[in-house]
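Residue-level structural notes
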Amino acid sequence: MSVIQLEEVRKSFGGVQAVDGLTFEVKRGEITGFLGANGAGKTTTIKMLLGFVTPDAGRIIVSGTNPSAVSTRRSIGYMPETAWYYPWLKVGELLRFYGGLCGMSRREIDPMASTLIKRVGLSGAENRQLKTFSKGMLQRVGIAQALLHDPEIYILDEPFTGLDPLARIQFRDIMAELKSRGRTILFSSHELSEAELICDNVIIMKSGRAVWNGSTEQVAGDGTRNLERVFLNIIGSDTGMEA
Amino acid sequence: MSLIARQMNVLIRASLLELYRRKDLVVVFILGAVLLMPLAFATPFGFSGAHIYFNEMALLMVWFFSVFITLGVSTRMFPYEFEKRTIYPLLAKPVSRGTVVLGRYLGALSASISALVLFYAAYIILCGVRQHVWFSEVLVQAFVLHVGLLMVITAIGLTGSLLLTISANVTITLLIVFGMLLFGAKLPELADQQSLAGKIALYIAYAVAPHTEFFDLRQRLVHGWPAISWGVCAVVMAYAAAYSTACLFVADLLLRRKKL
Ligand SMILES: Nc1ncnc2c1ncn2[C@@H]1O[C@H](COP(=O)(O)OP(=O)(O)OP(=O)(O)O)[C@@H](O)[C@H]1O
Ligand SMILES: [Mg+2]
């Protein structure tokens, strides 16, 4: 059963066609990597999945409903592209803030928050305001806040950016654990090797369209290919940014 | 606790934490208190109305600093959310934009009121030390109406912040707040001296602009005049609530239309 569905979705900003007839679906319990060059339209698509941006045309269904409904977001854990959180809060306070917005009580938030803080490797930094955090530490905060209310669906915009090798391994473990509990994950990334390791499916976007959509086994083919080759074949040798 | 109550609760707490952890506002705070305190102990110039003069100075400062802090909190909340992109994880949570507007409003208001309490405490100490008057009914009414004023200013500042840049917003709000304070009561009189077009314009301004002059009990306080009726207070507070609600409806509309 698919929990995310897009049909012929379009979105333009002024003269820029950011998403141009995008169609794909994500099945329950699968991890899907969302790849493409800079400016391919990944973030715009993710913003439409969260109801931040309304599509010009096409149909989007998330968790069986319209993404702009407030209740849809109860089942979504989201991690934004740039990890900027309220700099004067401490990580525990930030999680209480977001947990409260999700309708969780302090009794539910506190044990979950301390587990998550440990799990994303932020123990020892609990008493520091976020303005003193490094980029990778803020990225870890982003992971923790997305996991806080234990949602069904995870929509993560470049979650691996800025993470050190150990944190990447830990985050991959977290993703595997979420999958084992039947959670669905869609994440955008430029890290082809990470995507190949963890994904069930990959979608490659170019100029606002899905130009490749298949399982990681299909990527491997007869064993002579890998994701990097497939990506380069599709995107071409043109390494410049997309318009 | 219901979902909306929980959401309000965390939005208010976060605003209070912001006010007290952000250095610039704390500086205004301390500056206000530091400027007020010496007035309590300064020696009079030797003329009979000296205590009235000091009283007036002190109240003017309480007004100035409280308006400043209120604008500092309310006009920056949303621009900051957009600039720092915290608006994305915020709106990704199951919270409606209307709740965010109301929660931010109540948050900014509680932060401003908490500052106001400290300023009034300083003022009470001043009056107590100088005039040995620690409490009066007018003082309570002045405080209540001052809260009403902050309700209106917070609503205007918050709504303006979804439309204008911070500096434009602060400038315009200050002009409206102090312009109405000085000329609000005289507008109908002024209108009657104008040609028809001017008359209509001034009457519209009189109807739409926030009547900050309704909230001003400084003269009564300074001269020790008797308290006003609590019924009038209630009407003025109802006006503050209605005016703020209208502003917040506009703010909700603006936030819904805002490009993310
Ligand atoms: N608010 C906006 N206004 C104007 N153009 C926009 C806006 N948002 C996105 N775009 C344009 O839409 C296109 C797709 O942008 P998007 O952010 O979706 O790309 P992306 O695939 O996430 O890229 P990256 O890998 O660099 O994050 C780009 O050309 C971008 O300039
Ligand atoms: Mg992007």
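Residues numbered from 1 in each chain as written. Chains lettered and ligands numbered in written order. Predicted model: local features only at pLDDT ≥ 70, side-chain atom pairs only at ≥ 80, totals over all residues. Heavy atoms only, no water.

1. Notes on the packing of aromatic side chains
Summed over all chains, the structure comprises 18 aromatic pairs over all chains. An angle of 80° between the planes, with centres 5.8 Å apart, marks the rings of A:F52 and A:Y78 as edge-to-face. Of this pair, A:F52 sits in the loop between α1 (42–49) and β4 (57–62) while A:Y78 sits in strand β5 (residues 76–79), placing them 26 residues apart in sequence. With respect to burial, A:F52 and A:Y78 carry one shared label: buried. The side chain of B:K84 reaches across the aromatic face of A:W84, ending 5.5 Å from its centre. (Phe/Tyr/Trp six-rings, centres within 6.5 Å; stacked < 30°, edge-to-face > 60°. Helix = DSSP H or I, 4+ residues; strand = E, 2+ residues; numbered from the N terminus. Buried < 20%, exposed > 50% of the residue type's maximum accessible area, 1.4 Å probe, protein only. Lys NZ or Arg CZ within 6 Å of the ring centre and 35° of its normal.)

2. Points about the interface of chain B and chain A
Contacts between the two partners involve 29 residues from chain B, matched on the other side by 32 residues from chain A. Taken over both partners, the interface formed by chain B and chain A buries close to 2900 Å², and the fraction arising from carbon and sulfur atoms is 64%. When the buried area of chain B at its contact with chain A is split by residue, B:R21, B:K93 and B:P94 rank highest and sum to 24% of it. On the surface where chain B and chain A come into contact, there are 1 salt bridge. (Contact = heavy atoms within 4.5 Å. Buried area = accessible area lost by both parts, 1.4 Å probe. Salt bridge = Lys/Arg side-chain N within 4 Å of Asp/Glu carboxyl O.)

3. Here's the deal with the site of ligand 1
All names here are of chain A. Around ligand 1, the surrounding shell holds 15 residues, and the nearest of these are G39, K42, T43, T44 and E81. The contact in question runs from an oxygen atom of ligand 1 to an N or O atom on the backbone of A40, over 3.2 Å. Between G41 and ligand 1, the recorded distance is 2.9 Å, taken from a backbone N or O atom to an oxygen atom. Notes on ligand 1: free accessible area 630 Å², of which the protein chains cover 68%. For the shell around ligand 1, the secondary structure elements donating two or more residues are β2 (16–27) and α1. In terms of residues, the shell around ligand 1 owes the most to one element, α1, which gives 3 residues. The residue makeup of the shell around ligand 1, split by class, is 6 nonpolar, 6 polar and 3 charged. (Near = heavy atom within 4 Å. Polar contact = N/O pair within 3.5 Å; in protein donor to acceptor, adjacent residues only side chain to side chain. Areas by Shrake-Rupley, 256 points an atom, 1.4 Å probe, with all protein chains shown as cover. Nonpolar A, V, L, I, M, F, W, Y, C, P; charged D, E, K, R; others polar.)

4. What about the packing of helix α1 (residues 3–21) of chain B against helix α6 (residues 97–131) of chain B?
Residue and element names in this part refer to chain B. Closest axis-to-axis distance for the α1/α6 pair is 8 Å, and the angle between their directions is 45°. For the element pair α1 / α6, the angle class is oblique. Considering the relative orientation of α1 and α6, their crossing is right-handed. Where α1 abuts α6, its residues I4, Q7, M8, L11, I12, A14, S15, L16, L19 and Y20 lie against T99, V100, L102, G103, R104, L106, G107, A108, S110, A111, S114 and A115. For the contact of α1 with α6, the per-class residue count stands at 14 nonpolar, 7 polar and 1 charged. (Axes fitted to C-alpha atoms, helices over the stretch in contact; angles between N-to-C directions. Parallel < 35°, antiparallel > 145°, perpendicular 65-115°, else oblique. Left-handed = near helix turned anticlockwise from the far one by under 90°.)

5. Observations concerning the sheet that holds strand β9 (residues 209–215) of chain A
Residues and elements named next belong to chain A. Reading across the sheet, the 6 strands line up as β5-β6-β7-β3-β8-β9 and stay open at both edges, with mixed pairing between neighbours. The open sheet is flanked by β5 and β9, the only strands paired with a single partner. Taking the axes of each pair of neighbouring strands and ignoring which way they run, one obtains an average angle of 15° across the sheet. Bridge analysis of strand β3 (residues 31–36) against strand β8 (residues 201–206) gives 5 bridges, and the strand direction is parallel. Paired with G33 across the strands is V202, a residue of β8. Where helix α8 (residues 227–235) meets the sheet, it contacts β3, β8 and β9, and its direction lies at approximately 25° from that of β8. (Pairing = 2+ DSSP bridges.)

6. A word on the environment of A:D20
Residue and element names in this part refer to chain A. With respect to the secondary-structure elements, D20 resides in strand β2. For the pair D20 and R10, spaced 10 residues apart in sequence, the C-alpha separation works out to 4.7 Å. Ignoring any residue separated from it by four or fewer positions in sequence, one finds D20 in contact with V9, R10, S207, G208 and R209.

7. Describing the confidence of the model for chain B
Residue and element names in this part refer to chain B. Residues at a pLDDT of 70 or more form 95% of chain B, whose mean pLDDT is 89. Across chain B, element-level confidence peaks in helix α12 (residues 230–257) with a mean pLDDT of 97 and bottoms out in helix α2 (residues 23–41) with 73. As scored by the predictor, the complex reaches a pTM of 0.91 and an ipTM of 0.91. (pLDDT = per-residue confidence, 0-100.)

8. Notes on the side chain of A:R183
All names here are of chain A. Inspection of the secondary structure assignment puts R183 in the loop between α5 (165–180) and β7 (184–188). Overall, R183 belongs to the buried group, its relative accessible area being 11%. A polar contact of 3.0 Å, which involves the side chain of R183, links it to the backbone oxygen of P151. Apart from the residues within four sequence positions on either side, R183 is in contact with G29, E30, D150, P151, E152, Y154 and L178.

9. Quick look at the sheet that holds β2(A)
Two modes of strand pairing occur in sheets, parallel and antiparallel, and in both the strands are linked by backbone hydrogen bonds. Residue and element names in this part refer to chain A. On the basis of which strands lie adjacent, the open sheet formed by 3 strands has the order β2-β1-β4 and antiparallel pairing. Two strands close off the open sheet at either side, each with one partner strand: β2 and β4. Ignoring which end each strand starts from, the neighbouring axes of this sheet average 20° apart. In the packing of α1 onto the sheet, contacts are made with β1 (2–13), β2 and β4, and the angle to β1 comes to roughly 120°.

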